[in-house]
Amino acid sequence: MGRVTLKNIAKTYDGKIFVIKDASFDIRDGEFLVLVGPSGCGKSTLLRMIAGLEEISKGDMLIDDLRVNDLLPKDRNIAMVFQNYALYPHMTAYQNMAFGLKLKKVRKSEIDKRVKRAADILEITELLERKPKAMSGGQRQRIAIGRAIVRNPKVFLFDEPLSNLDAKLRVQMRVELQKLHQKLKTTMVYVTHDQTEAMTLGERIVVLKDGDIMQIGSPMELYNNPDNVFVAGFIGSPPINFIDGHIKQLNGFAFINEDLGLNFEIPEEVIKGLSDYVNRDVVMGIRPEDLTTSPGNNKKHHSFAVSINAIEQMGNEMLVYAPLGKQHLIARLLPDAKIKSGDNIDLYFDTSRMQFFDKQTEKVIR
């Protein structure tokens, strides 16, 4: 078992400013859970409290229903993989992986069995006699993960383990971590500021901002049904387009921004909850992939007249950037779209794909 329960967890260093304010959630046995958010949001602090490396100022931390607030890190049966690998430079890979077990007086034959099993899982058997200086960054990270595996922990904790790797190796290691989780079926908690890592790795994601939990859910729940402006803007690359406006009720409901010349009807399936927002300011969100250069046969499409000021050709897609008043739009188009920087075009969007947020509270209007 490797279930972790956080009950009203808070962290402060001076009694006034709270790095973590009131975190309550369960990490299920065998789950891959990701903590994500911008720098300074408290995600690494939360991870270190699970590990026992930071004291808990308030609340209870339970591992398999056992309160561990006062347990030392070595007594929690948790293994942590750090951003900087933390390998001993004078030891071989084998010695690095075996070191913690030697300190625990584990039998030599058992140490050998565990190290070789971990090396086999991670496909690093040929590296066991090398020292860290003779390895690449990805190889060192595998050794650090192997050192955690040999302990047979209830929970693995990863603190931004891929941030020191180049872009291509990060993609490769993401796949390796997914395969590792499927093999070990052990609880894993992973911290990152990279929402792409969070979306591709996490079975569930905890989104944090300034010590507050903004939303918890599966990657697609967060993407399709964000609770607030922050989650909508943070999850997704390129990010969602936000456009300010207000709601009017004529024959039906309409979204209006006079400065931008926008005035379009809101489809019936989208208007739930908007009856309380007539003549009030709202924020409309539309994803880049929901913008196109052609309306097709869909009568629910409306358009923005824009002048393109930048294009990123990605090979499999084209990202188009266009100012819209003081705001801007990003559209994700097919790579063979016949447009170039400086062109004046109409960008169409499906009004049934709009999302609306309260301008004041920034919470979604459902």
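Residues numbered from 1 in each chain as written. Predicted model: local features only at pLDDT ≥ 70, side-chain atom pairs only at ≥ 80, totals over all residues. Heavy atoms only, no water.

Q: Before we move on, can you summarise the overall build of the protein chain with the specific residues and values?
A: Scanning the protein chain from N- to C-terminus turns up 8 helices and 21 strands. Dimensions of the protein chain along its principal axes, counting C-alpha atoms only, are 80 × 45 × 35 Å. Per-residue burial over the protein chain gives 49% buried out of 366 residues. Considering only contacts within the protein chain whose residues lie at least 6 apart along the sequence, 66% involve residues at least 24 apart. In the protein chain, 51 positive and 47 negative side-chain charges are present, and the distance between their average locations comes to 9 Å. (Helix = DSSP H or I, 4+ residues; strand = E, 2+ residues; numbered from the N terminus. Buried < 20%, exposed > 50% of the residue type's maximum accessible area, 1.4 Å probe, protein only. Contact = heavy atoms within 4.5 Å. Lys, Arg positive; Asp, Glu negative; His and termini not counted. Charge placed at Lys NZ, Arg CZ, Asp CG, Glu CD.)

Q: An account of empty space enclosed by the protein is requested, with residue identities and associated values reported.
A: Tallied over the full model, the rule gives 1 cavity of 30 Å³ or more. Taken as a whole, the largest cavity spans an internal volume of roughly 90 Å³. Lining the largest cavity are Ile121, Leu122, Arg142, Ile145, Met173, Glu176, Leu177, Lys179, Leu180 and Lys183. Elements that contribute at least two residues to the lining of the largest cavity include exactly α3 (108–122), α4 (137–149) and α5 (167–184). Among the elements that take part in the lining of the largest cavity, α5 stands out by supplying 6 residues, more than any other. Partitioned by chemical class, the residues of the lining of the largest cavity number 6 nonpolar, no polar and 4 charged. (1 Å grid on protein atoms, 1.4 Å probe; cavity = no way out; pocket = protein on both sides within 12 Å on 5 of 7 lines; lining within 4 Å. Points joined across faces, edges and corners; volume = space filled by probe spheres on them. Nonpolar A, V, L, I, M, F, W, Y, C, P; charged D, E, K, R; others polar.)

Q: Go over the packing of aromatic side chains, please, and point to the residues and values.
A: Within the structure shown, the criterion is met by 10 aromatic pairs. Both rings, one in phenylalanine 156 and one in phenylalanine 158, keep their centres 6.3 Å apart while their planes meet at 20 degrees; by these two values the pair is stacked. Under the relative-accessibility criterion, phenylalanine 156 is labelled buried at 2%. Since its relative accessible area comes to 0%, phenylalanine 158 is described here as buried. An angle of 35 degrees between the planes, with centres 5.9 Å apart, marks the rings of phenylalanine 158 and tyrosine 190 as tilted. Of this pair, phenylalanine 158 sits in strand β7 (residues 155–159) while tyrosine 190 sits in strand β8 (residues 187–192); the two residues are 32 residues apart in sequence, bridging distant segments of the chain. Tyrosine 190 shares its class with phenylalanine 158; the two are buried. (Phe/Tyr/Trp six-rings, centres within 6.5 Å; stacked < 30°, edge-to-face > 60°.)

Q: Provide a residue-level description of the packing of helix α2 (residues 93–103) against α4, including the pertinent values.
A: One can describe the packing of α2 onto α4 by two numbers: an axis separation of 8 Å at closest approach and a directional angle of 30 degrees. By the angle class used here, α2 and α4 are roughly parallel. Helix-helix and strand crossings are classified by hand; for α2 and α4 the assignment is right-handed. Residues Ala93, Asn96 and Met97 of α2 form the contact with α4, whose participating residues are Ile143, Gly146 and Arg147. Here the residues of the contact of α2 with α4 are counted per class, giving 3 nonpolar, 2 polar and 1 charged. (Axes fitted to C-alpha atoms, helices over the stretch in contact; angles between N-to-C directions. Parallel < 35°, antiparallel > 145°, perpendicular 65-115°, else oblique. Left-handed = near helix turned anticlockwise from the far one by under 90°.)

Q: Kindly report on the pattern of salt bridges, identifying the contributing residues and their values.
A: Enumeration according to the criterion identifies 20 salt bridges in this entry. Where aspartate 64 meets lysine 154, a salt bridge forms, and the shortest distance between an N and an O atom there is 3.1 Å. Of this pair, aspartate 64 sits in the loop between β4 (58–63) and β5 (66–67) while lysine 154 sits in the loop between α4 and β7, and the two are 90 residues apart along the sequence. The class for lysine 154 is partly exposed, based on a relative accessible area of 31%. Among the ionic pairs, aspartate 75 bridges to lysine 74, the shortest N-O distance being 3.4 Å. Residue class for aspartate 75 comes out partly exposed when judged on its relative accessible area of 41%. Within this structure, Lys11, Arg48 and Glu54 form a network of salt bridges that share partners. (Salt bridge = Lys/Arg side-chain N within 4 Å of Asp/Glu carboxyl O.)

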